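# Topology and contacts: notes
Listed below are the residues making up each chain.
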Amino acid sequence: MIQTKNLAFSYSGKVNFNFPDISLESGQVLLITGGSGKGKTTLLHLLGGLLKAQSGSIRIGDTNIESLSDKNLDKFRGKNIGLILQQPHFVEAFSVLENVVLSSWLATGQKAEEKATSLLTELGLADQMTKLTSRLSIGQQQRVSIARALINEPQLLLADEPTSSLDDENAFNVADLLSKLSKEYGAALIIVTHDQRLKDRFSNQITLL
Amino acid sequence: MIVKLAWKNIWFKPLNTILSIILLTASVAIISLLILLQEQFEKQFSSNIDGVDVVLGAQGSPLQLILSSVYQVDAPTGNISYDEAKTWMKHPFVKSAIPLAFGDNYRGFKIVGTTPDYLEKYGATVLEGKLFQKDFEVVIGSEIAKKLNIKVGDKFFGSHGDAAEGEVHEEFAYHVSGIAGPTGKVIDNLILCNIPSVWAMHDAHEHAEENPEHGEEGHIHFEGDEHEHHDHDHQAETSEQGKEITAVLIKFRNKMGFVTWPRLIAQNTKMQAASPAIEINRLFSLFGIGLQALQYLAYGIMLISGISIFIALYTTLKERKYEFALLRVSGASRLQLLNLVLFESILLCVVGFIFGTIVGRVALLLISSSTDQEYKMTFNPFAFVWEKEGILFLAAIFVGLLAAAIPAVKAYRLNISKTLANA
């Protein structure tokens, strides 16, 4: 589902990263850990197509994303990569449901309202759908961003420190949902984290040195 | 969806939005008001000039002569001798000559002594009743009939001069013989009678002070008789001895008169010949300076509203960059972000333009009701001057694009990886 080979990146030639190869099938979970400044977020951005690698290749499904043009990469990312961030950001002027629907529209041009509703219901947010995102608790916001990442049934789900700002209960909740839903939607899940709670839960790990 | 997002975004921070819209509304309102006023003012003035090459009247300000005799908005410059005027009315250059005699008003509407040619010149027909034939028979302009609810057969007393509060001529009542059809020109707001009526009214008035009974009766009887048994010319000749009129509207057969008459008249008579076209042009160019200044002011306000939009977009850019990054992550292209920012600005401008157009028309409605009272002149607030208002619309959109250009390019260039990494 996702394979990387000899990925390398450097920030203005000073800080160099060489990343280990990754290979992951759909429904599998991989934890990427490592200390600060070891390139965790950089690797995630490379996998998500937010950064261009200096060398090496990333294959997601049948597509080599390094070969895509900027515009096609945007389209590909919308359709095939779901991203969950440490701090959930939203379009503040939109309601919870509209935020999720917006993602489906940006990626496919279709407003998948029914699917968004059922997804949000599955995530326990049925009562929050018409609220502005700023009215929700952080735990709820993180679940909305999971819904947003999954709405287009991506091949790859990337999560950047998804639990670091959550308490234990919410952290476990989010971890459960992530692993359950990624299996259900057939996505490969890669989580970048230094959260011990996640390290204890997922065994498939790579540590960046 | 992008438009919906833009729409929701501009109302999410309503204070900035309202400030920008108020400024835009103000500038668009002023400009569209000026456009409508100027257009309709000029149209009304020009349509009344049709068929009048020169106005013959007493010496004084030519503009005043034109305003009083063609537009009925100013006091007349004075009277001229009908005998003298008549020699010029028969001049070979003259194609048609319509004499006018002012004297009275009824509730502020001028009563004008003239000939049926006057109605013809304005293309007015007598819709109800018949044309004035006898003395003190009047044809009422369509607007007056509507406003004062006058019908054929009604009688009323005129007041002296052009103020509604003038001394009332109680000796004779005017008798409404007909109501003219609407023309959209000054005639709609005039009461027309024959010239001897005006003379008789004021002769009788003068006599009345010495010998009311005799003067009043004698006059009516005499005029009535004359009209039934003799043709119009004869009647005029017998009663016009030493009489005065106010002005004559002249149309020439050829352009020669237009060129030579002003000098000819000035040198040979105590009258003047004024050209409505020249005087009105002069008036418009005087107005024009004021209108232009107001227009510049309004465009200045539009520029300020543009700056206000720019500042609003630019300052929120910092807090919105996560939103932009998020949109990119969800599959939005750079171009879609650029469009989003541009749409937000253009939506503001469109909303401001719509409000401004409405406010400008409300203002015109208010102005129209006050000019209607004072000058019997109305403006139509529902008219559109497509070309000029179209240019105004484009100007508003242009301001919107200009204001959004830098913020939009910044959104376009946003580095999502950097933005999210520093979050």
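Small disclaimer: the values here were computed from a predicted structure and weren't measured. (Residues numbered from 1 in each chain as written. Chains lettered and ligands numbered in written order. Predicted model: local features only at pLDDT ≥ 70, side-chain atom pairs only at ≥ 80, totals over all residues. Heavy atoms only, no water.)

Taken residue by residue, a regular strand's side chains alternate between the two faces of the sheet. Residue and element names in this part refer to chain A. Of the two faces of strand β7 (residues 81-84), the one holding I81 and L83 and the one holding G82 and I84 are both buried throughout. In this sheet, strand β8 (residues 156-160) lies alongside β7 in parallel orientation, the contact comprising 4 bridges. By the bridge assignment, I81 is partnered in β8 with L156. (Buried < 20%, exposed > 50% of the residue type's maximum accessible area, 1.4 Å probe, protein only. Helix = DSSP H or I, 4+ residues; strand = E, 2+ residues; numbered from the N terminus. Pairing = 2+ DSSP bridges.)

Our focus in this paragraph is the interface of chain B and chain A. Interfaces are often described in size by the accessible area the parts lose on coming together. Facing the 24 residues of chain B at the interface are 27 residues of chain A. Interface of chain B and chain A: buried area, both sides summed, is about 2,500 Å²; carbon and sulfur atoms make up 69% of it. The three residues of chain B that bury the most area against chain A are M1, F12 and L326 of chain B, which together make up 26% of that side's buried surface. Counting across the chain B and chain A interface gives 6 residue pairs in polar contact (both at pLDDT 80 or more). Where the side of chain B that touches chain A is concerned, the elements lending two or more residues are α1 (2-12), α11 (276-329), α12 (334-375) and α14 (416-421) of chain B. (Contact = heavy atoms within 4.5 Å. Buried area = accessible area lost by both parts, 1.4 Å probe. Polar contact = N/O pair within 3.5 Å; in protein donor to acceptor, adjacent residues only side chain to side chain.)

All names here are of chain B. At their nearest, the axes of helix α3 (residues 62-69) and α11 sit 9 Å apart, and the two run at 105° to each other. Taken together, the axes of α3 and α11 lie roughly perpendicular to each other. Where α3 abuts α11, its residues P62, L63, I66 and L67 lie against P276, E279, I280, R282 and L283. Split by residue class, the contact of α3 with α11 holds 7 nonpolar, no polar and 2 charged. (Axes fitted to C-alpha atoms, helices over the stretch in contact; angles between N-to-C directions. Parallel < 35°, antiparallel > 145°, perpendicular 65-115°, else oblique. Nonpolar A, V, L, I, M, F, W, Y, C, P; charged D, E, K, R; others polar.)

Residues and elements named next belong to chain B. A contiguous nonpolar patch, built from I354, F355, I358, V362 and L366 and spanning about 480 Å² of accessible area, is present on the exposed surface. Of note, I354 is situated in helix α12. For I354, a relative accessible area of 44% puts it in the partly exposed group. (Patch = residues over 30% accessible without salt bridge, like charges linked within 9 Å, V, L, I, M, F, W, Y side chains within 5 Å. Areas by Shrake-Rupley, 256 points an atom, 1.4 Å probe, with all protein chains shown as cover. Salt bridge = Lys/Arg side-chain N within 4 Å of Asp/Glu carboxyl O.)

Residue and element names in this part refer to chain B. Examined against the element boundaries, C193 turns out to sit in strand β10 (residues 191-194). According to the relative accessible area criterion, C193 is buried, its value standing at 0%. Taking the C-alpha atoms as reference, C193 lies 7.2 Å from I111; in sequence the two are 82 residues apart. Filtering out sequence-adjacent residues up to four positions away, C193 remains in contact with I111, V112, G113, T114, F132, E137, V138 and V198.

Everything listed here is a matter of geometry and, on its own, says nothing about what the molecule does.
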